[in-house]
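Residues per chain, in single letters:
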Amino acid sequence: MNADIFEKDFLQYLKEKELIKGGEKIIVGLSGGADSVALLALLARTREKLDTRLVVVHIHHGIRGNEADRDERFSEELAQKMNVSYICKRVDAPGYAKNEGLTLEEAARVLRYRALEEVCESEDADLIALAHHKDDQAETVLMNLLRGTGAAGLSGIRPKNDNRIRPLLFATKKEILGYLESLGYEHVEDSTNQSSEHSRNRIRAEIMPIAEEIYPGATDHIAALAEDMLIFRESAENKAKALANGNRIIVSEYKKQDDVTKHEMIKIALSTVIPGSKDVTRTHYTEIKKLIEGEGNTGKSVSLPLGVKAIRSYDELVIKKDDSSGAGITETELVIPGKTTVENSGKTWAFETEIIDAKEFNSNFERKDYTKHIKYDRIDGKIVLRNPREGDYLEIGPEGDKKLLSRYYIDSKVARDERPKQLVLSAGSLVICALPERLSDTFKIDESTKSVLQIKWTVGEVAYEGNHN
């Protein structure tokens, strides 16, 4: 491998993918293996052309004993040889894996990226350079395909993802080794890369060589497919982001999109509640799609990992933590006048009541959105705060016709699983007010009102801002 040609291809790839524009400070992840040594060599040998500053970071994972210590020494010596600043970060991968219920490989990966981000921030750097190459790309796509994936999995590893860049995706492992040999650079080997315990290692050692034997250039072909799929996926992502609404999906908008955009809409909603969509499988996506696209699914749900649910509610799908077991309110008498605080499904409601002369109210009182005013002369007995019950009703119209509260919630499109958690002010089965919005008509202020009950409330630390009647 001619080093000059390889470096020219490297610079061309950086330009084509807009990975380094010049003037950046770059954190370079260095394990001591061939890939990261080649990455450091390329960046160090072209830093003047690129106008960049480099900081080498080596992560000691607290595993592999003497071998890991050897890697640390090698990395520090190489950084000194190339006249690059060096930082070593030590992490406890075994302890983290045990505490978080992760495999050792998963724990090491999480801590590695976390450490690199910490150094990037402390060094006020712009980019983190990682040493994934074309073989890694092909292995990733094939592994995703074999275990079941969509467009996201087929698009493989991105050349750039936020502040992380992967400048070696243009090169195969063979080309990288040839480059190091042409420069006379040594590297160290991680013995765990030869272990057949990891599925990726088996794909690398057993499947890819057979694929190359049957179809020469298979690695290049798979990597090219990943590039094509990434273009397709990024287009769908941009459309989905424009439609994003946090943890909610508007069903009518969802149904207008192509299949890939639909998938990305679900992925975005999931990621707001489940970081990295951990443990979310293709089956979960399929069930969520059925929930969105099926008719008559209001109130139905799909259980997801980490105690999360996807819940269909009329024209919305909501991804949220399953709080169905959250404690409702204990029936509590409203203190009049005075203050009352209740806990309802994990939220604190604080009420303050005052009795106001109707004449004073009509002439001087400024109405606010988080306040209700009730015809107090109509009250006979105590007012209680509680959750809805079967048979509860509102009085509608001047004649006080009954309307079941359950029907009001249906008409107001309150999701089925949310209805038992609502809060009401009641006198027996008569609902004075279904908080926060609906007041029974017979309790509204009119010309005959003599005294007004003012009820103000906050939820948590923020005053509720709904519409008053």
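Residues numbered from 1 in each chain as written. Predicted model: local features only at pLDDT ≥ 70, side-chain atom pairs only at ≥ 80, totals over all residues. Heavy atoms only, no water.

Student: I tried to follow the overall build of the protein chain on my own but got confused; where do I start?
Tutor: From N to C terminus, the protein chain includes 16 helices and 22 strands. Taking 2.2 N^0.38 as the reference for a compact globule, 469 residues should give roughly 23 Å; the C-alpha atoms of the protein chain span a radius of gyration of 31 Å, well beyond that estimate. Expressed along its principal axes, the backbone C-alpha trace of the protein chain runs to roughly 95 × 45 × 40 Å. Counted over contacts in the protein chain with a minimum sequence separation of 6, partners at least 24 positions apart contribute 68%. Computing the positive centroid from 69 side-chain charges and the negative centroid from 80, the protein chain places the two 3 Å apart. (Helix = DSSP H or I, 4+ residues; strand = E, 2+ residues; numbered from the N terminus. Rg over C-alpha atoms; globule rule 2.2 N^0.38 Å. Contact = heavy atoms within 4.5 Å. Lys, Arg positive; Asp, Glu negative; His and termini not counted. Charge placed at Lys NZ, Arg CZ, Asp CG, Glu CD.)

Student: Any chance you could explain the sheet that holds strand 5 (residues 160–161) here in plain terms?
Tutor: By definition, the strands of a sheet pair up through backbone hydrogen bonds, in either a parallel or an antiparallel sense. Taken in spatial order, the six strands of this open sheet run 3-2-1-4-6-5, and their pairing is mixed. Looking along the sheet, the strands with just one partner apiece sit at the ends: strand 3 (85–90) and strand 5. The sheet contact formed by strand 4 (residues 127–129) and strand 6 (residues 164–165) spans two bridges and is parallel. Across the sheet, residue Ala129 finds its bridge partner in strand 6, namely Ile165. Set on the sheet, helix 2 (residues 34–45) makes contact with strand 1 (25–29), strand 2 (53–60) and strand 4; between it and strand 1 the angle comes to about 155°. Along the sheet, helix 6 (residues 104–122) contacts strand 1, strand 2, strand 3, strand 4 and strand 6; its crossing angle with strand 2, the most-contacted strand, is approximately 145°. (Pairing = 2+ DSSP bridges. Axes fitted to C-alpha atoms, helices over the stretch in contact; angles between N-to-C directions.)

Student: Sorry if this is basic, but what is going on with the packing of helix 10 (residues 199–214) against helix 11 (residues 218–243) here?
Tutor: The packing of two helices is summarised by the inter-axis angle and the distance between the axes. For the pair helix 10 and helix 11, interaxial distance at closest approach is 8 Å and the crossing angle is 105°. Of the possible angle classes, the one that applies to helix 10 and helix 11 is roughly perpendicular. Seen from helix 10, the contacting residues are Met208, Ala211 and Glu212; seen from helix 11, they are Ala218, Thr219 and Ile222. Partitioned by chemical class, the residues of the contact of helix 10 with helix 11 number four nonpolar, one polar and one charged. (Parallel < 35°, antiparallel > 145°, perpendicular 65-115°, else oblique. Nonpolar A, V, L, I, M, F, W, Y, C, P; charged D, E, K, R; others polar.)

Student: In this structure, what is going on with the side chain of Asp136? I would like to understand it.
Tutor: Relative to the assigned elements, Asp136 resides in helix 7 (residues 134–147). Among residues more than four places away in sequence, those in contact with Asp136 are Ala131, Ile157, Arg200 and Arg204.

Student: Would you mind going over the pairing of strand 12 (residues 338–344) with me for this structure?
Tutor: Within a regular beta strand, the side chains point alternately toward one face of the sheet and then the other, so they alternate between its two faces. For strand 12 and strand 13 (residues 347–357), the ladder comprises seven bridges, and the chain directions are antiparallel. In the sheet register, Val342 faces strand 13, and the bridge partner there is Trp349. Between strand 12 and the antiparallel strand that follows it, strand 13, lie two residues; Ser345 among them carries a positive phi value of about 50°.

Student: What exactly am I supposed to notice about a negative patch on the surface here?
Tutor: On the surface, a cluster of negative charge is contributed by Glu352, Glu354, Asp357 and Glu360. Along the chain, Glu360 falls in helix 15 (residues 358–364). On the basis of relative accessibility, which here comes to 47%, the residue Glu360 falls in the partly exposed class. (Patch = residues over 30% accessible without salt bridge, like charges linked within 9 Å, V, L, I, M, F, W, Y side chains within 5 Å. Areas by Shrake-Rupley, 256 points an atom, 1.4 Å probe, with all protein chains shown as cover. Salt bridge = Lys/Arg side-chain N within 4 Å of Asp/Glu carboxyl O. Buried < 20%, exposed > 50% of the residue type's maximum accessible area, 1.4 Å probe, protein only.)

Student: Teacher, can you tell me more about the nonpolar core here?
Tutor: One broad rule of soluble globular proteins: the nonpolar side chains tend to lie buried together. Grouped together as the largest cluster of nonpolar side chains are 41 residues, with contacts concentrated most on Ile20, Leu40, Leu43, Met82 and Tyr179. Of all the elements in the fold, those that place two or more residues in this core are helix 1 (3–17), strand 1, helix 2, strand 2, helix 4 (65–81), strand 4 and helix 9 (173–183). Ranked by the residues each element gives to this core, the list is headed by helix 2, at nine residues. Excluding residues that lie within four positions of it along the chain, Ile20 makes contacts with Leu14, Ile26, Leu43, Leu50, Thr52, Leu127 and Ile165. Counting residues in each nonpolar core, the second largest holds 22 residues, with Val342, Phe351, Ile374 and Ile432 among its members. (Core = buried A, V, L, I, M, F, W, Y, C linked by side-chain atoms within 4.5 Å.)

Student: Just checking my understanding: could you explain helix 14 (residues 282–293) for this structure?
Tutor: For the α-helix, the turn length of 3.6 residues means that residues three or four positions removed from each other point alike. A rise of 1.5 Å per residue sets the reference length of helix 14, with its twelve residues, at 16 Å; its end C-alpha atoms lie 16 Å apart and thus fit the reference within 8%. Among all positions of helix 14, only His284, Tyr285, Ile288, Leu291 and Ile292 are buried. Projected onto a plane normal to the axis of helix 14, the buried residues spread over an arc of 125° and lie on a single side. Residues Arg282, Thr283 and Lys290 are exposed on helix 14 and point more than 90 degrees away from its buried face. (Expected span 1.5 Å × (residues − 1). Arc of directions from axis to C-beta.)

Student: Looking at this structure, I do not really get the sheet that holds strand 9 (residues 308–313). What am I missing?
Tutor: Pairing is antiparallel in the open sheet, where four strands are placed in the order 7-10-9-8. Single-partner strands in this sheet number two, and they are strand 7 (248–250) and strand 8 (301–304). Strand-to-strand twist across the sheet, computed as the mean angle between neighbouring axes with direction ignored, equals 15°. Seen against the sheet, helix 13 (residues 259–271) touches strand 7, strand 8 and strand 10 (316–321) and runs at an angle of roughly 150° to strand 7. Packing against the sheet, helix 14 makes contact with strand 7, strand 8, strand 9 and strand 10, and its axis sits at approximately 160° to strand 8.

Student: Sorry, what's going on with the side chain of Lys372 here?
Tutor: If you trace the backbone, Lys372 turns up in strand 14 (residues 371–375). Here Lys372 sits buried without a salt bridge, and the closest side chain of opposite charge, Glu437, lies 5.2 Å off (N-O distance). Among the polar contacts made by the side chain of Lys372, one reaches the main-chain carbonyl oxygen of Pro436 at a distance of 3.1 Å. (Polar contact = N/O pair within 3.5 Å; in protein donor to acceptor, adjacent residues only side chain to side chain.)

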